[in-house]
Amino acid sequence: MIMMQRLIFAALLVGALTTSSFALGVVDSMSCKRVQLHEANDRTVLVKRITGEVKYALQYNGNWVPVSGDQKERYQSMYNAQVKAAAMKH
């Protein structure tokens, strides 16, 4: 009976972790931080904690979208400038 419960729990856990939206939320909440970019009208972006790379931007409808191309370069430069300015204050 206990073995069957563990098997069901493991199957549900694997199913939940392989669901893309759930997995994205779990992984990003652990590896990314939310940052408001002041130069972009307080646009909220997700930035990787270790590398400082801007990965996603929060749209006005509440959806997170991956950033790429010119938009990513703009957000990345704004984030880098904001971090540098904060470091100079302290």
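Located above this text is the structure these notes cover.
Keep in mind it's a predicted model, so treat the numbers as computed, not measured. (Residues numbered from 1 in each chain as written. Predicted model: local features only at pLDDT ≥ 70, side-chain atom pairs only at ≥ 80, totals over all residues. Heavy atoms only, no water.)

### With respect to the side chain of Thr-44
Mapped onto the elements of the fold, Thr-44 is located in strand 2 (residues 43-48). Excluding its chain neighbours within four sequence positions, the residues that come into contact with Thr-44 are Arg-34, Val-35, Gln-36, Tyr-56, Ala-57, Leu-58 and Trp-64. (Helix = DSSP H or I, 4+ residues; strand = E, 2+ residues; numbered from the N terminus. Contact = heavy atoms within 4.5 Å.)

### A closer look at the packing of aromatic side chains
Scanning the entire structure with this criterion turns up zero aromatic pairs. Above the face of the Tyr-60 ring, Arg-43 is positioned so that its terminal group lies 4.7 Å from the ring centre. (Phe/Tyr/Trp six-rings, centres within 6.5 Å; stacked < 30°, edge-to-face > 60°. Lys NZ or Arg CZ within 6 Å of the ring centre and 35° of its normal.)

### Let's talk about the nonpolar core
Among the nonpolar cores identified, the biggest contains 11 residues, and these are Val-35, Leu-37, Ala-40, Val-45, Val-47, Val-54, Ala-57, Val-67, Tyr-75, Met-78 and Tyr-79. Counting only elements with at least two residues in this core, the list comes to strand 1 (32-37), strand 2, strand 3 (54-58) and helix 3 (69-89). Counting residues per element, this core draws most heavily on helix 3, at three residues. In this structure, Val-54 is in contact with Val-45, Leu-46, Val-47, Val-67, Lys-72, Tyr-75, Gln-76 and Tyr-79, ignoring residues within four places of it in sequence. (Core = buried A, V, L, I, M, F, W, Y, C linked by side-chain atoms within 4.5 Å. Buried < 20%, exposed > 50% of the residue type's maximum accessible area, 1.4 Å probe, protein only.)

### Here's the deal with the side chain of Arg-43
Here Arg-43 shows up in strand 2. Of the buried charged residues, Arg-43 lacks a salt bridge, with Asp-42 as the closest side chain of opposite charge at 10 Å. Polar contacts involving the side chain of Arg-43 include one to the main-chain carbonyl oxygen of Leu-58, which spans 2.9 Å. Residues in contact with Arg-43, not counting those within four places in the same chain, are Val-35, Gln-36, Leu-37, Leu-58, Gln-59, Tyr-60 and Tyr-75. (Lys, Arg positive; Asp, Glu negative; His and termini not counted. Salt bridge = Lys/Arg side-chain N within 4 Å of Asp/Glu carboxyl O. Polar contact = N/O pair within 3.5 Å; in protein donor to acceptor, adjacent residues only side chain to side chain.)

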